[in-house]
Amino acid sequence: MNFLKIVFLFCLMPIFAQADIGVKEITLKNGMRVLVKEDHRSPVAVSMVWYRAGSLDEVNGKTGVAHVLEHMMFKGTKTTKPGEYSEIIAAAGGRENAFTGADYTAYFQRLEKSKLPISMKMEADRMQNLVITEEEFKKEINVVMEERRWRTDDKPKAQVNELFNSLIFRAHPYGRPIVGWMNDLENMTYEDAIEWYKMWYSPSNAILVVAGDVDTEEVFAKARKYFGKISAYQIAKRKPQFEPKQNGSRRAILKAPGKLPYIQMGYPAPTLGKDGIKNKKEVFALEVLVGILSGTSSSRLNQNLVRKTSRAIDVGAGYSMLSRGGQSTFEMYATPSEKVSVVDLEKYLKLELKNIIDNGVTDIELNRVITSVVAGEVYQKDSVFGAVMQIGQLETMGYSHKIADVYIDNIKKVTSKDIQGVIKKYFHDDALTIVTLDPQPLDKNKIPKGRPHAR
Amino acid sequence: MLVKTILITILIFFSNFSSATLNIQHWESNNGARIYFVENHDLPIVDINVDFRAGSVKDTKQKSGVASLTNHVMVLGAGGINEEDLANQFIDLGAQLNSSFDQDKSGFSLRTLSEKKIEAIDLLTLVLHKPNFDSKIIEREKKRYVASISQSETMPGAIASKAFMKALYGEHPYALPNSGEVETIKKISKKDLHDFYKSNYLSNELSIVIVGDISRKDAEDLGHKISLGFSENKMASATPLVDYKKGQEIKISHPSKQAHLYYGAPIIKRGDPDFLTLYLGNYILGGGGFVSRLTQNIREDRGLAYSVYSYFMPFIQEGPFQIGLQTKKNQVGEAKELVKKTVSTFIKNGPTPKELRQAKDYMIGGFPLRLDSNKKILEYVSMMAFYKYPLDYLETFTDKINKITAEEIKSAFQRRVDMSKFSTVIVGSEQQKKRS
């Protein structure tokens, strides 16, 4: 009904919900990798091309260009008109879209299986023959600015999140919004988009993932035919970027029209090494901790702050152990109940962490997380799209898709002591970043009333 | 046996590729519940969806929100098991219970591993048959409703949506916000929920859909077990008729960056013979994502909006035909004129032969994508079950689409879509720029 070019894929559900069986892989001569997973339940195929280029690779003054290029990829090639490929895919009964994240940009089609070559041919064409004209760019950049207004500027919680990221990451590019700052969008030119395309859209920087009712060897043959001849070029060496250690808490207030206050707080947190080994113990402890605090109706935050004490209207926690940029955050967010101040709510959230340091977590809680993950693995087998997402994300971020196979084993190994260890090590006040939403009346002439304020 | 059984096998043939089979079995319980079953042992999963005709259309203006709150509180404790224990029991089985709610229906879905299906189904049955309606929980959830409603009253999209439904439905219950109003929620009592449950959760207004790794015998037992916990009431209130006479222009100021525009009128109900024709036509007008005329004219050619769409949302009675977009404030007048022009041109001339061909290719060629997972089969069959679609709906879908002509689309739009009666809601428009 509606269609979106997705910018954020921040909380991508249990990314691991599927132990993979039978992913086959080849690398083409130009360096492009092709991964195929067969699933013959339904006569459909999902095809995705992933580029290892996202907002992580942008520089100041040109934020948002990765996402703008994603939009321009629909605007024609040397032999096709703007929008023509969308028509071709639609006339083949297909669904298509694309999304940009901090770590990657990806393009996908879902098709009846016999139509798969159409999408491969199209992706190969726009990988090498994209045409970006000034005229098309000028129209599309307005669309992107509308997208930013819709996604962020008129959504107070999205603004809080943008501010939060820019505070917790002051040096690392994860501090910049994926959609880009409005000023950068206003000053972006079509040459900026072309420059980005010429920097990152080499086949050697791309991964094709196909799943569904397909024959692996046939997909490989088609991949060689369509993508194999595209010439690769050298991708600029990426410099390692790390956030300097935070020494002292960071606090900010965001004012926006609304009724309810809200807080987002968090701490820098480790990520899994690309070898699948480095930081393993800590990141899995954090994964389990998130499962215990949030995610289901019986999780601690919900149980203790919403249900038992009615201190909050809504609560949640989030963490991702995977990241191409080598940085992650552990976050909690909450909307206070009417008579609770944001200052007290922050204390209550911290108390939940302290309570685990003092008393640990129970075996029942640990087992609950395991049960959910085990069942989740089975449930995700119902989705071909989910399989492609998982493989593509892992590989683009620099991990092997095979680490999914041992995910559950690592979850099972986590102990109460491991969890206490990561809380003690990472979650202290000098590493805290917190943003408070201070709701303002819609009518600017009215004075905010009746609600507890940020200070 | 208590069940009268009709077994229907639906074969779907596609013109240019392999045939796919979706075997939908259907029967009715002796107290009138309709049960649909798709057996599939590829994955060790069972999915169940249960829908009651107990959506917000059953609310009254004075107690707006009772229907939603009933649906919401039902999963928070049942059969004397408290909220926390119930949630934990589902989680310890690895089972997922979700509730859904809209104007027409109140729904509950369960996803479970087949090896845990007996225990999980027992819990689901308890939720459906014996909700606790605990007073303390009701009071707590009422406060959460009030907070979230008062928050949504500050959000431009939510304000626009509420005003649009009010403009289209006036005193009809479809105008009532799904979750009620701050003042009405505050007045709702435990007794209200209980009474609502008793009079609206009825076996003859219940549809049950079962998909996945379970035998026919077990599916029959399950259908029975659920339906027998409800009483039948053939005198249950019918959904009131929609009486829409003329459009309104509503402008609401808001400090947002974008103005939100909604435009449309109530047009068709479920089962309307024009539905597929309008649906296919609307794909060309504004339903077909990147390739629709609205997207082409508003977004691709002018860069005026990120998202612009149109859809028919048929309910039991006439549901809205709705066009929506968001755009920078000072552009909303221009965008609105373009929308009007696009719609009126389409109504006047209908689709081009090329557009019609492409739309049919999309519908027919993409048909397998609608049913490529158990979850999607569950959703599709649940819709058919609730709205009593004919059982050959899927079987004949592509054939019917294929036969629709450009002239029929034009005629259907001309007969049914009267722009002179459309309502317009703009939230966040600039006051001084009044057009039209």
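Residues numbered from 1 in each chain as written. Chains lettered and ligands numbered in written order. Predicted model: local features only at pLDDT ≥ 70, side-chain atom pairs only at ≥ 80, totals over all residues.

Student: I'd like a rundown of the overall build of chain A, residues and numbers included.
Tutor: Per the secondary structure count, chain A includes 15 helices and eleven strands. Relative to the compact-globule value of 23 Å for 455 residues, chain A shows a C-alpha radius of gyration of 23 Å, a close match. For chain A, the spread of C-alpha atoms along the principal axes amounts to about 60 × 55 × 40 Å. Taking all 455 residues of chain A together, the buried fraction comes to 52%. Partitioning the contacts of chain A with sequence separation of at least 6, the portion at a separation of at least 24 is 81%. (Helix = DSSP H or I, 4+ residues; strand = E, 2+ residues; numbered from the N terminus. Rg over C-alpha atoms; globule rule 2.2 N^0.38 Å. Buried ≥ 20, exposed ≤ 12 C-beta atoms within 10 Å, placed from the backbone. Contact = placed C-beta atoms within 7 Å.)

Student: Which residues make up the overall build of chain B, and what are the values?
Tutor: The number of helices and strands found in chain B is 15 helices and 14 strands. Relative to a compact globule of 436 residues, whose C-alpha radius of gyration would be 22 Å, chain B shows 23 Å and is just as compact. Projected onto its principal axes, the C-alpha positions of chain B cover 60 × 55 × 40 Å. A separation threshold of at least 6 residues defines the contact pool for chain B, and within that pool the share at least 24 residues apart is 79%.

Student: Go over the sheet that holds strand 11 (residues 258–268) of chain B with me, naming the residues and quoting the values.
Tutor: Residues and elements named next belong to chain B. Read across the sheet, five strands follow the order 10-14-11-13-12 without closing on themselves; strand pairing throughout is mixed. The open sheet terminates on both sides in strands that have one partner only, identified here as strand 10 (249–252) and strand 12 (308–312). Strand-to-strand twist in this sheet, taken as the mean axis angle between neighbours without regard to direction, amounts to 10°. Of the pairings in the sheet, the one linking strand 12 to strand 13 (residues 319–328) comprises five bridges and is antiparallel in character. Residue S310 lies in a different strand from strand 13, and its bridge partner there is I323. Relative to strand 14 (residues 423–427), helix 5 (residues 156–169) is tilted by about 160°, and along the sheet it contacts strand 10, strand 11, strand 13 and strand 14. On top of the sheet, helix 11 (residues 332–349) reaches strand 11, strand 13 and strand 14; it is set at about 25° to strand 11, its chief contact. (Pairing = 2+ DSSP bridges. Axes fitted to C-alpha atoms, helices over the stretch in contact; angles between N-to-C directions.)

Student: An account of the domain arrangement of chain B is needed here, citing residue identities and associated values.
Tutor: For interface size, the figure often reported is the accessible area lost on association. All names here are of chain B. When its domains are assigned, chain B resolves into domain 1 (2–227) and domain 2 (249–435). On a C-alpha basis, the centroid separation for the pair domain 1 and domain 2 is 27 Å. Taken together, the 37 residues of domain 1 in the interface contact 31 residues of domain 2. Sorting the residues of the side of domain 1 that touches domain 2 by element identifies strand 2 (10–12), strand 3 (20–22), strand 5 (34–39), strand 6 (45–52), helix 5 and strand 9 (206–212) as the ones contributing at least two each. With ten residues, the single largest contributor to the side of domain 1 that touches domain 2 is helix 5. Here the side of domain 1 that touches domain 2 is built from residues that sort into 23 nonpolar, nine polar and five charged. (Domains from an automatic or database assignment. Nonpolar A, V, L, I, M, F, W, Y, C, P; charged D, E, K, R; others polar.)

Student: Account for unusual backbone geometry, with residues named and values stated.
Tutor: A positive phi angle, near 55°, is found at S310 of chain A, a position not held by glycine. Along the chain, S310 of chain A falls in the loop between helix 10 (300–308) and strand 9 (312–319). Notably, K388 of chain B is not glycine yet its phi reads approximately 55°, a positive angle. On the secondary structure map, K388 of chain B appears in the loop between helix 13 (374–386) and helix 14 (393–403). Judged by C-beta crowding, with 12 C-beta atoms within 10 Å, K388 of chain B ranks as exposed.

Student: Residues and numbers for the interface of chain B and chain A, please.
Tutor: Tallying the contact residues gives 60 residues for chain B and 56 residues for chain A. Among the elements of the structure, helix 2 (83–93), strand 8 (106–113), helix 4 (135–152), helix 10 (293–300), strand 12, strand 13, helix 12 (353–365) and helix 13 of chain B are those that each provide at least two residues to the side of chain B that touches chain A. Ranked by residue count, the leading element in the side of chain B that touches chain A is helix 4 of chain B, at seven residues. Its residues assigned to classes, the side of chain B that touches chain A shows 22 nonpolar, 22 polar and 16 charged.

Student: Could you give an account of the environment of M363 of chain B, naming the residues involved and the relevant values?
Tutor: Among the structural elements, M363 of chain B can be located in helix 12. If we skip the residues at most four places from it in the chain, M363 of chain B touches L280 and I401 of chain B.

Student: Give me the nonpolar core: which residues, what numbers.
Tutor: Core analysis: the largest hydrophobic core is formed by 260 residues, its most contacted members being L208, V209, L286 and V288 of chain A together with L124 and V381 of chain B. In terms of domain composition, this core takes at least three residues from each of domain 1 (2–227) and domain 2 (249–435) of chain B. Sequence-distant contacts of L124 of chain B, that is, excluding residues within four places in its chain, are made with I48, L97, F108 and L110 of chain B. (Core = buried A, V, L, I, M, F, W, Y, C linked by C-beta atoms within 7 Å.)

Student: I'd like a description of the packing of helix 1 (residues 65–72) of chain A against helix 7 (residues 190–200) of chain A, backed by residues and values.
Tutor: Residue and element names in this part refer to chain A. Taken N-terminus to C-terminus, the directions of helix 1 and helix 7 make an angle of 90°; their axes are 9 Å apart at the nearest point. When the axis of helix 1 is compared with that of helix 7, the two are roughly perpendicular. Counting all contacts with helix 1, which are made through V65, A66, V68, L69 and M72, the residues of helix 7 involved are D192, A193, W196 and Y197. Looking at the contact of helix 1 with helix 7, its residues break down into eight nonpolar, no polar and one charged. (Parallel < 35°, antiparallel > 145°, perpendicular 65-115°, else oblique.)

Student: Quick rundown of the confidence of the model for chain B? Include the residues and the values.
Tutor: Residues and elements named next belong to chain B. Chain-level statistics for chain B give a pLDDT mean of 92 and a share of 94% at 70 or above. Predicted confidence for residues 1–20 stays below pLDDT 50, and this span has 42 contacts to residues more than four positions away or in other chains. Note that pLDDT drops below 50 for residues 432–436; the model gives that stretch three contacts with residues more than four away or on any other chain. This complex was scored by the predictor with a pTM of 0.92 and an ipTM of 0.91. (pLDDT = per-residue confidence, 0-100.)

Student: Kindly report on the sheet that holds strand 3 (residues 44–51) of chain A, identifying the contributing residues and their values.
Tutor: All names here are of chain A. With respect to topology, six strands assemble into an open sheet ordered 1-2-6-3-5-4, the strand pairing being mixed. For this open sheet the edge positions go to strand 1 (23–27) and strand 4 (95–100), each flanked by a neighbour on one side alone. Recorded for the sheet is a direction-independent mean angle of 15° between the axes of neighbouring strands. As paired strands, strand 3 and strand 6 (residues 206–212) are joined by seven bridges and run antiparallel to one another. The residue of strand 6 that forms the bridge with Y51 is A206. Relative to strand 6, helix 13 (residues 384–396) is tilted by about 160°, and along the sheet it contacts strand 1, strand 2 (33–38), strand 3, strand 5 (105–112) and strand 6.

Student: Account for the pairing of strand 8 (residues 262–269) of chain A, naming residues and giving values.
Tutor: All names here are of chain A. Most of strand 8 is tucked away: seven of the eight residues are buried. Here strand 8 runs beside strand 11 (residues 433–440); their pairing, made up of five bridges, is antiparallel. Counterpart to M265 in the pairing with strand 11 is I434.

Student: Just give me the short version of the packing of helix 3 (residues 116–128) of chain A against helix 8 (residues 216–227) of chain A, but keep the residues and values in it.
Tutor: All names here are of chain A. Put simply, helix 3 and helix 8 touch, their axes get as near as 9 Å, and they point 30° apart. The angle between helix 3 and helix 8 falls in the class roughly parallel. In terms of crossing hand, the pair formed by helix 3 and helix 8 is right-handed. Residues P117, M120, K121 and A124 of helix 3 pack against K222, A223, Y226 and F227 of helix 8. For the contact of helix 3 with helix 8, the per-class residue count stands at six nonpolar, no polar and two charged. (Left-handed = near helix turned anticlockwise from the far one by under 90°.)

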